[in-house]
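Spelled out, the chains give:
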Amino acid sequence: FFGLSTGSALLALYFSTINAGKAYVGGWPDAPPLEDALTSCGINIVAAVTCAALAFRDYQAGQATLKRIKQGGALANLMVTPAAGGPRSSLKEFRRGN
């Protein structure tokens, strides 16, 4: 979600930069005032940076979750020997059997 929002903010920044260029050069009837165009550029820069930071944080959280899942899977494959004796089995099989 935040990755798409970052892309949207960058696209808006592209168009606001074009409008700022038009306002700076002048001569276009549809150009906004320079102050409004620069304000729009600033807003879009802040939005792009914020969304990119949120997307990166979301990515890191996803990687941490995958790491935790991998560690849980490795623990489930751990071989154990019951204290009362019996055959060795994986922790996953031992928990299902009891």
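Here the structure is a predicted model, which means the values were calculated and not measured.

(A) The overall build of the protein chain, seen in detail. A count of helical and extended segments in the protein chain gives three helices and two strands. The linear arrangement of helices and strands in the protein chain, starting from the amino end, is α-α-β-β-α. Scaling as 2.2 N^0.38, a compact globule of 98 residues should have a C-alpha radius of gyration of about 13 Å, whereas the protein chain reaches 28 Å, well beyond that. Burial analysis of the protein chain (98 residues in total) assigns 16% to the buried set.

(B) The arrangement of the nonpolar core in detail. Listed in full, the five residues of the largest apolar core are Leu13, Ala20, Ala23, Ala37 and Cys41. Listed by contribution, the elements that provide at least two residues to this core are helix H1 (2–25) and helix H2 (34–76). Among the elements that take part in this core, H1 stands out by supplying three residues, more than any other. Sequence-distant contacts of Cys41, that is, excluding residues within four places in its chain, are made with Leu13, Ser16, Thr17 and Ala20.

(C) Up close: H2. Between the first and last C-alpha of H2 there are 63 Å, a value that for 43 residues agrees with the 63 Å anticipated at 1.5 Å per step. Among the residues of H2, those classed as buried are Ala37, Cys41, Asn44, Ala48 and Cys51. Buried residues along H2 sit in contact with H1.

(D) Spotlight on the environment of Gly21. Within the fold, Gly21 resides in helix H1. Through-space distance from the C-alpha of Gly21 to that of Gly73 is 56 Å; in sequence the pair is 52 residues apart.

(E) A look at a nonpolar patch on the surface. Taken together, the side chains of Tyr24, Val25, Trp28, Leu34 and Leu38 present a nonpolar region at the surface, about 570 Å² in accessible area. Contributions of two or more residues to the nonpolar patch are made by H1 and H2. Counting through the fold element by element, Leu38 comes out in helix H2.

(F) Here's a closer look at the packing of aromatic side chains. The full count for this structure, using the stated rule, is one aromatic pair. Summarising the aromatic geometry, the rings of Tyr14 and Phe15 are spaced 5.1 Å apart at their centres and angled 70 degrees between planes, so their arrangement reads as edge-to-face. On the basis of relative accessibility, which here comes to 49%, the residue Tyr14 falls in the partly exposed class. On the basis of relative accessibility, which here comes to 46%, the residue Phe15 falls in the partly exposed class.

(G) Local environment of the pattern of salt bridges. Using the criterion set out here, one finds one salt bridge in the structure. Lys22 is paired through a salt bridge with Asp30; the nearest N and O atoms lie 3.5 Å apart. Look at Asp30 and you get exposed, because its relative accessible area is 53%.

Parameters and conventions
Residues numbered from 1 in each chain as written. Predicted model: local features only at pLDDT ≥ 70, side-chain atom pairs only at ≥ 80, totals over all residues. Heavy atoms only, no water. Helix = DSSP H or I, 4+ residues; strand = E, 2+ residues; numbered from the N terminus. Rg over C-alpha atoms; globule rule 2.2 N^0.38 Å. Buried < 20%, exposed > 50% of the residue type's maximum accessible area, 1.4 Å probe, protein only. Core = buried A, V, L, I, M, F, W, Y, C linked by side-chain atoms within 4.5 Å. Contact = heavy atoms within 4.5 Å. Expected span 1.5 Å × (residues − 1). Patch = residues over 30% accessible without salt bridge, like charges linked within 9 Å, V, L, I, M, F, W, Y side chains within 5 Å. Areas by Shrake-Rupley, 256 points an atom, 1.4 Å probe, with all protein chains shown as cover. Salt bridge = Lys/Arg side-chain N within 4 Å of Asp/Glu carboxyl O. Phe/Tyr/Trp six-rings, centres within 6.5 Å; stacked < 30°, edge-to-face > 60°.

These results come straight from atomic positions and should not be treated as a statement about function.
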